[in-house]
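Chain by chain, the residues run as shown.
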Amino acid sequence: MPGPPRPNETADAATPGKADNASADGATRFHQDTLEQDLYRRFSRKGIRNQRVRRFYSSASWHLVVQTSRLLRRALDVMVSALALIVLSPVLVMAMHLAGGKWKRTSRVGRWCEPFDQLSLALPKGALGRVISATGFDRLPALVNVLRGEMSLVGPRAAAPGELSPQQRLARRRYDVRPGLISPWWIRQRANIAYGSEAESDAEYIESQSLRGDIGLMLRAAPAALFGGPAGAAADVVKLLGLRVDNLTMSEAVESILALMDSEQRSQVAFVNADCANIAFRNHDYRSVLNDARLTLADGIGMKLAGKLLGCEIRQNVNGTDLFPRLCAAIEGTDRGIFLLGARPGIAEAVREWIGQNHPGVLVKGIHHGYFTPEEEPEVIRKIAQSGASLLLVAFGAPRQDLWVGEHLGETGVKVAMGVGGLFDFYSGRMPRAPLWMREIGMEWFYRFLQEPGRMWKRYFVGNAVFLYRVIRERLRSQHS
Ligand code: UDP
């Protein structure tokens, strides 16, 4: 059966004696050509053969890429775990002989739900045992599981049998890969930024798994181990360097703010990081405002370390930037509106646009920049009061924003007002946020320093050292008293 003619042949056949009119017929001819080429490619014997060859090569090369990456990952697992076992064997021997550690086998479910025994060290409760457990060295024997191919260096936490139902769509993703010694969820928990669920974090990891990503996670394990474990039984309110801090997780903070928005009273919410604590140390008014605020939330890795050193674990890093989208999601579709006050002219407008795109059900009742004069201030306050907003976000930077809220909360008519620092700059796109890997190693502050070294060097390099000094001094004092 004669199929459609080959394109080269048709070019001549379709235009016999019409060479002069070629440009006039250009569009039609082009259409004709592509149609014929298309039919030729799809239905001719040669076209079909070419398609098969192409499909074969593309699937073979895809297979090759996947297999090579699997092989490389396994080779890395074997090499690193063998090396780590050799180098760290003295620690293991010491842990077993000096601290009285014993081998422990725990039933776990591996890749494709294959059961296996995860090895670890069971340590007695002595001081040495506690130090070894705190640094995660008691998990070292699991390197043998990695060598055996039951585990990987990086992957979702090995689940106990029956712990997770493979029927759950998100949870079952974890069984596609080997469980890992270092899990992305564990890293986030240690850095106090584990806001979502473990299943979400695992699914996200499996989706974007790569050799490079795994190496990055391995490098992040050392700082994560230093940050210490997630808070156990932590107090609801803690005192750090003379500041009262509400020790809430991110979702508890969102819930509390929602409840405050529904209450009859007006409330101030404040965030404190190491820099704020330094300012509050010498600024009495600011300290009073923070201590009188209805909610004072711990922001940043500095507060977590301070909590650790002072024996009061901080549950989570509750910073305004991560809280904001969660709060938007919580008030979306309700009649609780927001007023955005602060940052340079044009920035609040861009934040309103971000809200419109990401949370279209959120009512933005008004906006105003943060560079108004004292004479203009009454007009700004009147604008907020007339907007009918329930929540006021004030982005002037600390301590000014919190002092301002403390002074004017009553006049604004809002239910909740909170100082949010550079938040508008992030959501307007003016300033990029530190990448997740930097936040996971507790280095968001360093990224911020790189963005504005001239303004930030003192805040971070001098400020962090001073903050740490004060924390250590407070710890020593509390030990002596
Ligand atoms: N800002 C303002 N009015 C002022 C001074 C500053 O609105 O008079 C804004 C500034 O544009 C920036 C924010 O306040 O958006 C301060 O950001 P910064 O990063 O200093 O705050 P932090 O989070 O460090 O407290």
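Model, not experiment: these values are computed from the prediction.

S.K.: Before we go on, may I ask you to explain the pattern of salt bridges in this structure?
M.R.: When the charged atoms of two side chains with opposite charge come close together, those side chains can pair. If you walk through the whole model with that rule in mind, you get 24 salt bridges. Between Glu 163 and Arg 157 there is a salt bridge whose closest N-O contact spans 2.6 Å. Taking relative accessible area as the criterion, Arg 157 reaches 29% and is therefore assigned partly exposed. Within the structure, one salt-bridge network assembled from shared partners comprises Arg 188, Glu 204, Arg 220 and Glu 440.

S.K.: Help me understand the site of the ligand in this model?
M.R.: Neighbouring residues of the ligand: 16 residues in total, closest Gly 370, Arg 400, Asp 425, Arg 448 and Arg 459. In this structure, an oxygen atom belonging to the ligand sits 3.2 Å away from a main-chain N or O atom of Ala 398. Within the complex, the protein chains bury 82% of what would otherwise be the 550 Å² of accessible surface of the ligand. Of the residues that constitute the shell around the ligand, the class distribution is five nonpolar, five polar and six charged.

S.K.: How do you make sense of the nonpolar core when you look at a structure like this?
M.R.: Generally speaking, soluble globular proteins have nonpolar side chains that are buried together. One finds Ile 257, Leu 323, Phe 324, Leu 340, Leu 393, Met 418 and Phe 424 to be the most contacted residues of the largest nonpolar core, which totals 44 residues. Here this core gets seven residues from one element, more than from any other, and that element is helix H10 (residues 250-262). Setting aside residues up to four positions removed in sequence, Met 418 forms contacts with Ile 257, Val 269, Phe 271, Leu 323, Leu 327, Leu 391, Leu 392, Leu 393 and Val 394. Residues Leu 85, Leu 153, Ile 182 and Tyr 205 belong to the second largest nonpolar core, which totals 30 residues.

S.K.: Please clarify how the environment of Trp 437 should be interpreted in this entry.
M.R.: Note that Trp 437 resides in helix H19 (residues 436-440). Separated by 379 residues in sequence, Trp 437 and Ser 58 have C-alpha atoms that sit 33 Å apart.

S.K.: Would you mind going over helix H17 (residues 400-412) with me for this structure?
M.R.: Approximately 45° is the largest bend angle found in H17, and it occurs at Gly 406. Listing the buried residues of H17 in full gives Gln 401, Asp 402, Trp 404, Val 405, His 408, Leu 409 and Thr 412. Here the buried face of H17 lies against strand E7 (267-272), helix H12 (284-292), strand E9 (338-342), helix H16 (377-387), strand E11 (391-395) and strand E12 (416-419). Among the residues trailing H17, Gly 413 stands out with phi positive, at a value near 80°.

What counts and what doesn't
Residues numbered from 1 in each chain as written. Predicted model: local features only at pLDDT ≥ 70, side-chain atom pairs only at ≥ 80, totals over all residues. Heavy atoms only, no water. Salt bridge = Lys/Arg side-chain N within 4 Å of Asp/Glu carboxyl O. Buried < 20%, exposed > 50% of the residue type's maximum accessible area, 1.4 Å probe, protein only. Near = heavy atom within 4 Å. Polar contact = N/O pair within 3.5 Å; in protein donor to acceptor, adjacent residues only side chain to side chain. Areas by Shrake-Rupley, 256 points an atom, 1.4 Å probe, with all protein chains shown as cover. Nonpolar A, V, L, I, M, F, W, Y, C, P; charged D, E, K, R; others polar. Core = buried A, V, L, I, M, F, W, Y, C linked by side-chain atoms within 4.5 Å. Helix = DSSP H or I, 4+ residues; strand = E, 2+ residues; numbered from the N terminus. Contact = heavy atoms within 4.5 Å. Bend = angle between axes of the 7 residues up to and from the residue.

All quantities given are derived from atomic positions and should not be read as evidence of function.
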